[in-house]
Amino acid sequence: MSAGNAVSSFHVLTKPTGAICNLDCKYCFFLSNVLCTVHAKNADHPLEVYRFFRDELGTRHIQLIPIVERVNSDGRTRFQEGTEVTDRSVTAEQWGRFLVAIFDEWVKRDVGTVFVQMFDAALASWAGVPPALCIFAETCGDAVALEHTGDLYSCDHFVEPKHLLGNIADTPLATLVGSPKQRAFGAAKRDTLPRYCLECPVRFACHGECPKNRFILTPDGEPGLNYLCAGYKAFFTHVDRPMRIMADLLRRNQYADEVMGILAQQEAALVAAAAKAGRNEPCPCGSGLKAKCCHGSPARQSQ
């Protein structure tokens, strides 16, 4: 495909945010809700990805899904089996850095105007509200997968023979969803958590994430740890303070976007305090860094 055709084809799916369309195409759709897969290639460019969606496409709703492909014993990736992953799978550390980088930009300028599903789900956990994402619920089993044949599976991540519940042509859908097999599948999300997860300070926000990713060992050698655990733990720990602020705002019937002003005021106060401190003294923010390397750095002082 030529560059010109590539641009036109892409334009069909991504209408410019401006008032005038400068390409002569027959069909055009405004891309307001994006589902972005995060993999080994794009995971190291979080702000490029986020800003492209926000600024170039005008997207206001973003879903981020980490790609974790398990390699089966036959070298294929058909089933949720095996402890090795494909080269294009995102690593736990990449996933954590990706989320943290986007969150730090979002929480400073985009709360209330750009809605990132992962951040909304996290805020629900801090606010004590059931998360909209099943991966962060304590149990699962309600998001079944129905094939065109009528076959019903426990989850769209487990469309495999051993997770076939039956066929709705033979058994009512409600009966299959409420079956002991399916209820056991959902309860296992909670009941099979390793001790490392049970004692984790951010378990309330994660609950072990999706069972499909629980195939590595804990530091103590117990099976069942999520492959993305390190990334999620880094992210949930990083966002704790702003999440607490937003959750408190919501409890007081205020808007979560007020967090942007609160954080800006706190940042300004820290920069001012760092300016008064000695360059080699500990930064007032408590980071453990010297003031000159933190809130007293030229970049911070010039903001």
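A brief structural summary. (Residues numbered from 1 in each chain as written. Predicted model: local features only at pLDDT ≥ 70, side-chain atom pairs only at ≥ 80, totals over all residues. Heavy atoms only, no water.)

A separate point is the side chain of Glu 209. Mapped onto the elements of the fold, Glu 209 is located in the loop between helix H8 (203–206) and strand E9 (214–217). Buried charged residue Glu 209 carries no salt bridge. Nearest counter-charge: Lys 212, at 6.4 Å. One polar contact links Glu 209 to Tyr 232, side chain to side chain, over a distance of 2.9 Å. Here Glu 209 is in contact with Ile 135, Phe 136, Lys 189, Arg 214, Asn 226, Leu 228 and Tyr 232, once residues within four sequence places are set aside. (Helix = DSSP H or I, 4+ residues; strand = E, 2+ residues; numbered from the N terminus. Buried < 20%, exposed > 50% of the residue type's maximum accessible area, 1.4 Å probe, protein only. Lys, Arg positive; Asp, Glu negative; His and termini not counted. Salt bridge = Lys/Arg side-chain N within 4 Å of Asp/Glu carboxyl O. Polar contact = N/O pair within 3.5 Å; in protein donor to acceptor, adjacent residues only side chain to side chain. Contact = heavy atoms within 4.5 Å.)

Strand order in the open sheet formed by three strands is E6-E7-E8, with antiparallel pairing between adjacent strands. What marks the edges here is a single partner per strand, and that holds for strand E6 (145–146) and strand E8 (164–167). Note: strand E7 (residues 151–153) against E8, three bridges, orientation antiparallel. Residue pairing across strands places Tyr 153 opposite Leu 164, the latter belonging to E8. (Pairing = 2+ DSSP bridges.)

One number sums up the size of the largest pocket: a volume of about 670 Å³. Asp 104, Lys 108, Arg 241, Leu 263 and Glu 267 are, among the 19 residues lining the largest pocket, the residues nearest its centre. No other element matches the six residues that helix H11 (residues 259–276) contributes to the lining of the largest pocket. A class-by-class count of the residues in the lining of the largest pocket yields eight nonpolar, five polar and six charged. (1 Å grid on protein atoms, 1.4 Å probe; cavity = no way out; pocket = protein on both sides within 12 Å on 5 of 7 lines; lining within 4 Å. Points joined across faces, edges and corners; volume = space filled by probe spheres on them. Nonpolar A, V, L, I, M, F, W, Y, C, P; charged D, E, K, R; others polar.)

Overall, the coordinates contain 13 salt bridges when judged by the stated rule. Put simply, Asp 110 and Arg 109 hold a salt bridge, and the shortest N to O gap is 3.1 Å. Among the ionic pairs, Asp 240 bridges to Arg 244, the shortest N-O distance being 2.9 Å. Placement of both Asp 240 and Arg 244 in helix H10 (residues 240–251) is noted, with a separation of four residues, approximately one turn of the helix. Owing to a relative accessible area of 23%, Asp 240 belongs among the partly exposed residues under this scheme. Classification of Arg 244 as exposed rests on a relative accessible area of 53%. One salt-bridge network, in which partners are shared between bridges, spans Arg 51, Arg 54, Asp 55, Glu 105, Arg 109 and Asp 110.

Of note, Gly 231 is situated in helix H9 (residues 229–238). Sequence separation of Gly 231 and Arg 97 is 134 residues, and the distance between their C-alpha atoms is 7.1 Å. In contact with Gly 231, not counting residues within four places along its chain, are Ala 92 and Gly 96.

The contact between helix H3 (residues 92–109) and H11 brings their axes to 7 Å, and the two run at 100°. Relative to H11, the element H3 lies roughly perpendicular. Contacts between H3 and H11 involve Val 107, Lys 108 and Arg 109 from the former and Val 259, Met 260 and Leu 263 from the latter. Taken together, the residues that form the contact of H3 with H11 break down as four nonpolar, no polar and two charged. (Axes fitted to C-alpha atoms, helices over the stretch in contact; angles between N-to-C directions. Parallel < 35°, antiparallel > 145°, perpendicular 65-115°, else oblique.)

A word on the sheet that holds strand E5 (residues 115–116). Strand-to-strand pairing in sheets goes through backbone hydrogen bonds, with the strands running parallel or antiparallel. Taken in spatial order, the three strands make up an open sheet running E1-E2-E5, and their pairing is parallel. Single-partner strands in this sheet number two, and they are strand E1 (33–38) and E5. Sheet topology note: the strand E2 (residues 61–66)/E5 ladder contains two bridges and is parallel. Bridging from a neighbouring strand, His 61 pairs with Phe 115 of E5. H3 contacts E1, E2 and E5 of the sheet and is inclined by roughly 165° relative to E2.

What follows is about the environment of Glu 160. Position of Glu 160 relative to the elements: it lies in the loop between E7 and E8. Here Glu 160 falls in the buried class, since its relative accessible area comes to 3%. Not counting residues up to four positions away in its chain, the partners in contact with Glu 160 are Phe 79, Gln 80 and Tyr 153.

Next up on the list: helix H4 (residues 117–127). Summarising burial for H4: eight of the eleven residues are buried, a large majority. Every buried residue of H4 is listed here: Met 118, Phe 119, Ala 121, Ala 122, Leu 123, Ala 124, Ser 125 and Trp 126. Each element contacted by the buried residues of H4 is listed here: E2, H3, E5, H8, H9 and H10.

The two faces of the sheet receive side chains in turn, since in a regular strand these alternate between them. Where E9 meets strand E10 (residues 223–226), three bridges bridge the pair, whose relative direction is antiparallel. In the sheet register, Leu 217 faces E10, and the bridge partner there is Pro 223. The antiparallel pairing of E9 with E10 creates a hairpin that spans five residues between the two strands, and Gly 221 there sits at a positive phi of about 90°.

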